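Listed below, chain by chain, are the residues.
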Amino acid sequence: MHIYCTNNCISTLLELSLYHIRMYSINPTCQLCKRRLVEVYLPQISSLFFYNKRSIRHIRSYQIVRPGIVSKRKEVPEHIVKPGYVTGKLQKQSSRSAIAIHSEDVIGRMRASCSLASYILQFAKGLVEPGISTDEIDSCIHDEIVRCGAYPSTLLYKGFPKSCCTSVNNVVCHGIPDDTILQCGDIINIDVTVYYMGCHGDTSDTFPVGEVDEKAQHLISITQSALLKGVLACKPGARFTEIASAIEPYAVTNGFKICRRFVGHGIGESFHMPPNVYHSFTVLGDRRKMEPGMIFTIEPILMEGKTNVEIATDGWTALSKDNLLSAQAEHTVLVTDTGRDILTK
Ligand code: MF3
Ligand code: CO
Ligand code: CO
């Protein structure tokens, strides 16, 4: 989007952030640009305005995201072993709500799939920069997972069309990689799950795109430490409800809320298994005790504003109703004899 100056004007603009001046290629000394900004762009981004205590106008530095155009599905080569929901074979389902105590064999294979997931997430982090689309990120992640001999678990899971989730800014989770182009000031959660040696490893983190505003940076760092607090609550004999007790007050003290709509989950040879792992206080909370050999994810989503979420018509993309930011971080965790191991470290 380029606007050319035809005037030689010397007026200074509204108190616009540098990000927006760059984003819209606006020359702050040009009257034409200024008019265009006020008439065309400001209404588009008006929901990014807020007023601080001294009533000085600030503009947040991120774009409000809506689902975009999803590209053609990528293929996975024949030789890659695929999970049951892809091949159409019935998955052996453990009894409805019992929490699996995994065998040494499964634990060994979970270590392998989780360390691959962790490597892929680091690889993904290296792709994040202004100008790249979430579709391009997905394509690179897909190729790298396949190159490593694994299957991207999200691809065709309950119809999900891509090889990871990319949730930008006001997208709370389950964003489908599309033609959205990352801009300086955005934040992006990339959620990677790989199926390797017959097991799923699941991990995610939120990354800044270029320089982000202080509030976004704070949200990301509190989200990451909230996850670690949840992890540290895990040990044999601890109740699953203690995860929420470690996470929620910490998030709230720091000015954020926990998204109640999405939970962590048991994981192993199946992508999602019992129990539900809640990150906030709820009567649904699972008071059962952890035992060595249990494996589950912890994946809190922290939100800046209200926790109301809307699912887009694609059936996946969860959006914050108030368009404010959210961030998420996720690990797959094994309960050991003495405490816990982060398998996706
Ligand atoms: N990886 C996500 C989780 O943490 C699940 C994504 S399911 C998908 O549980 F279908 F949206 F990809
Ligand atoms: Co998960
Ligand atoms: Co995940």
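Residues numbered from 1 in each chain as written. Chains lettered and ligands numbered in written order. Predicted model: local features only at pLDDT ≥ 70, side-chain atom pairs only at ≥ 80, totals over all residues.

Colleague: If you had to explain the packing of helix H6 (residues 214-232) against helix H7 (residues 241-253) to someone new, which residues and values would you point to?
Modeller: Contact geometry for H6 and H7: axes closest at 7 Å, N-to-C directions at 155 degrees. When the interaxial angle is binned, H6 and H7 end up roughly antiparallel. Considering how the two elements wind past one another, H6 and H7 form a crossing that is right-handed. Here Ile 222, Ala 226, Lys 229, Gly 230 and Leu 232 of H6 lie close against H7, whose contacting residues are Ile 243, Ala 246, Ile 247, Tyr 250 and Ala 251. Looking at the contact of H6 with H7 residue by residue, the class counts come to 8 nonpolar, 1 polar and 1 charged. (Axes fitted to C-alpha atoms, helices over the stretch in contact; angles between N-to-C directions. Helix = DSSP H or I, 4+ residues; strand = E, 2+ residues; numbered from the N terminus. Parallel < 35°, antiparallel > 145°, perpendicular 65-115°, else oblique. Left-handed = near helix turned anticlockwise from the far one by under 90°. Contact = placed C-beta atoms within 7 Å. Nonpolar A, V, L, I, M, F, W, Y, C, P; charged D, E, K, R; others polar.)

Colleague: So, the sheet that holds strand S12 (residues 301-303): which residues are in play, and what are the values?
Modeller: A sheet is described by the order of its strands in space; here 3 strands give the open sequence S8-S12-S15, paired in antiparallel fashion. Both edges of this open sheet fall to strand S8 (257-258) and strand S15 (326-328), since each of them pairs with a single strand only. The sheet contact formed by S8 and S12 spans 2 bridges and is antiparallel. Note that in S12 the partner of Lys 257 across the bridge is Met 303. (Pairing = 2+ DSSP bridges.)

Colleague: Mind laying out the pairing of strand S11 (residues 295-298), listing which residues take part and the relevant values?
Modeller: Working note: regular strand, side chains alternate between the two faces of the sheet. The alternating pattern of S11 places Ile 295 and Thr 297 on one face and Phe 296 and Ile 298 on the opposite face, and all of these are buried. Examined bridge by bridge, S11 and strand S16 (residues 331-335) share 4 bridges and lie antiparallel to one another. The partner of Ile 295 across the bridge, within S16, is Leu 334. (Buried ≥ 20, exposed ≤ 12 C-beta atoms within 10 Å, placed from the backbone.)

Colleague: Explain the sheet that holds strand S13 (residues 309-311) to me, and be specific about the residues and the numbers.
Modeller: Taking strand neighbours across the sheet as the criterion, the 3 strands line up as S5-S14-S13 in an open arrangement whose pairing is antiparallel. The open sheet has two edge strands with one neighbour each: strand S5 (171-173) and S13. Ignoring which end each strand starts from, the neighbouring axes of this sheet average 40 degrees apart. The pairing of S13 with strand S14 (residues 318-320) spans 3 bridges and is classified as antiparallel. Paired with Val 309 across the two strands is Ser 320, which belongs to S14.

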